[in-house]
Structure formats: C-alpha cells, structure tokens
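Observations on the three-dimensional arrangement
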Amino acid sequence: MVSVMTAPNTALRAVRTGMRMSQDDFARALQAAGHRVGEPNDANKRLVQRWESGAIAAPRPVYARALEVVTGLPISLLGFAAVPGGHVADDAHGGHDLTSPMSSLATPTPASRPTTVHSSYEGVWLSRYQYYSSGRGDSFAGQHFVVLLQHGDRLTARSLPGSASSSLSLDLTVDGAVVTGTWVEQTDPGGYYRGARYHGAIQLIAEPTGRRMAGKWIGFGKDMDVNTGPWELVFRDASTSKATLDRYNTTAT
C-alpha cells in the first residue's frame, strides 16, 4: 500500500502557474495530450487539485505520460513522491485518478504505436542556433541545454533554466529521420530584446547515430520580417534524472 503525501506538491503547482494555466486549463491540456499520443485520459480539475494538495502521491502511468507531454518535463521534476522500483503509483483510494472503461478500451497496445521512430531520443541535448540581428548588424548564436522527452513519435524539449538567460521550448514530430515542429523562445527581460517572445517553425534531419539533428529554423524578426538560419541539437546524456539535470543546469557551452 502506498502512503499518502501530506505536503502539498508545490513543484507541480509552480510549473502549472508558470504556464499561465488554471487547474481547468491544465486538465483540458492533459486530456488533449492523451488523445494526441493515443492514450485518452479523464483528467479534470478535481484530479489536478488532489495532485497539488498532495492527496495523491503519484499519478498513474497514463497521467504521468500526459504530464510529461504537457509540461515538457520528466515526471521526476514534477514533485511527485518516488516509489520503489522506479514506478509511479496511485493514491490508495484511487479517487478520480482512474480512467473510464471507454478510455481503457480506446487505449491502443504498444504494438499499434508508430514504428517509424528511429530510436529513443530522450535525454539531455545541447541546442545551438544562429541568427542575424538587424539592429546590431551582426550574427549571434543561441545555446541552451534542453531536456528532451519522447512519447511515440512526438518529442518535447524544454531548456534548463540555468543554461541560458532566455527560455526555449520545442514541440516536434519524428517521421523516420525527419524531425519537424515548432519553437518558442522567451528572451531575457534584461537583455537586448527586453523579454520579447519569438516563435516559428523548425525542420531537422536526425543522423543515423541518433546523436545529432541538424537543419533550419524559420521565424519572424524584430521588424516582423521572416528570417531563417541553422539549428542543431547535439546529444549529451540519456538520463533525465534530477541529478543529471542539475548537472547540466548551467551555462551551455
């Protein structure tokens, strides 16, 4: 029997509020994420409340995967209690942390997941891109350590906060060696771009080794012109444990 948490899960609450989502918004995002990866769930506001209050020690696997998709962070960083053997577990009473019979029937078996994915890309990667600043008349490079998570053919990458003064997120889909998706960067409030938020599209080619992806980004500039430039992701570590992420939570080089 798994003991019930008594302390509130402040880490999960901080992540949710940092995403500017209400508990209702967060629950809807979890449901949408479940449908995208072929694992429907019954997340609702009450369930989010029970997680954040500590009434549920750890989410069931179907919710753990949805939480990783929505937040872009490994479950180990979302404030849930560790369970011996590395598994997540339910509150002893189950409560709302249960899928409905229809959801269970709708969940495909692992064999039905896409088979075009080369391998697991999960882990810590070094993200590097180049861009031209028209205001400064020169080219610059942006670097972040990102934690990359994989669920089927979908990849999410979020920068470690200590690796750069800006924050970066990538949402990608893998089709064989082709990796396509979108990027968002929130610039440093005290920097040249004064906290401006930029976003665009990205397409990369994954090398056969699975240790490097390289391609191009496209996005709008300060004067609303459309720019492009090179972008690469270089593999650094397969672990997404808190100890590993703490080690890479430093200026990217």
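Calculation notes
- Residues numbered from 1 in each chain as written.
- Predicted model: local features only at pLDDT ≥ 70, side-chain atom pairs only at ≥ 80, totals over all residues.
- Heavy atoms only, no water.
- Helix = DSSP H or I, 4+ residues; strand = E, 2+ residues; numbered from the N terminus.
- Buried < 20%, exposed > 50% of the residue type's maximum accessible area, 1.4 Å probe, protein only.
- Contact = heavy atoms within 4.5 Å.
- Axes fitted to C-alpha atoms, helices over the stretch in contact; angles between N-to-C directions.
- Parallel < 35°, antiparallel > 145°, perpendicular 65-115°, else oblique.
- Nonpolar A, V, L, I, M, F, W, Y, C, P; charged D, E, K, R; others polar.
- Pairing = 2+ DSSP bridges.
- pLDDT = per-residue confidence, 0-100.
- Polar contact = N/O pair within 3.5 Å; in protein donor to acceptor, adjacent residues only side chain to side chain.

Looking at an unreviewed UniProt entry, one finds the protein named Helix-turn-helix domain-containing protein and attributed to Micromonospora mangrovi.

Re the environment of L149
Tracing the sequence through the fold places L149 in strand β2 (residues 138-151). For L149, a relative accessible area of 0% translates into the label buried. Ignoring anything within four residues of it in the chain, the contact list for L149 reads E68, G72, L73, P74, E122, R154, L155, T156 and T240.

Some words on helix α4 (residues 61-71)
α4 sits mainly inside the fold: nine of its eleven residues count as buried. Taken together, the buried positions of α4 are V62, Y63, A64, A66, L67, E68, V69, V70 and T71. Those residues of α4 that are buried are in contact with α1 (10-18), α2 (23-36), α3 (45-53), β2 and β3 (154-159). Two residues or fewer after α4 comes G72, characterised by a positive phi angle close to 75 degrees.

Concerning the packing of α2 against α4
One way to put it is that α2 packs onto α4 with a least axis distance of 9 Å and a crossing angle of 105 degrees. Comparing the axis directions of α2 and α4 gives the class roughly perpendicular. On α4, the residues touching F26, A29, L30, A33 and R36 of α2 are A66, L67, V69, V70 and T71. Counted by class, the contact of α2 with α4 contains eight nonpolar, one polar and one charged residues.

Examining the pairing of strand β7 (residues 212-220)
Note that strand β6 (residues 197-206) and β7 share seven bridges and pair antiparallel. If you follow I202 over to β7, its bridge partner there is W217. Hairpin connection of β6 to β7: five residues between the antiparallel strands, including G210 at a positive phi of 75 degrees. As judged from the nine bridges shared by β7 and strand β8 (residues 226-237), these two strands associate in the antiparallel manner. Within the sheet, the bridge partner assigned to G219 lies in β8 and is N227.

Regarding the confidence of the model for the protein
Averaged over the protein, the pLDDT score is 84; the fraction of residues at 70 or greater is 83%. The low-confidence segment residues 1-5 (pLDDT under 50) makes 15 contacts with residues lying over four places distant or belonging to another chain. Across residues 83-117, where pLDDT falls below 50, the model places 65 contacts with residues more than four positions away in sequence or in other chains.

Some words on the sheet that holds β3
If you trace the eight strands once around the closed barrel, you get β1-β2-β3-β4-β5-β6-β7-β8, paired in antiparallel fashion. Each strand axis lies, on average, 25 degrees off the axis of its neighbour in the sheet, ignoring direction. Of the strand pairs in this sheet, strand β5 (residues 178-186) and β6 are connected by nine bridges, and their pairing is antiparallel. Looking at the pairing, T182 lines up with A201 of β6.

Quick look at the side chain of T71
Its place among the elements puts T71 in helix α4. There is a polar contact of 2.7 Å between the side chain of T71 and the backbone oxygen of L67. Here the side chain of T71 touches L73 through a polar contact of 3.1 Å, landing on its backbone nitrogen. Those residues in contact with T71 that sit more than four places away from it in its chain are V15, M19, F26, L78 and R158.

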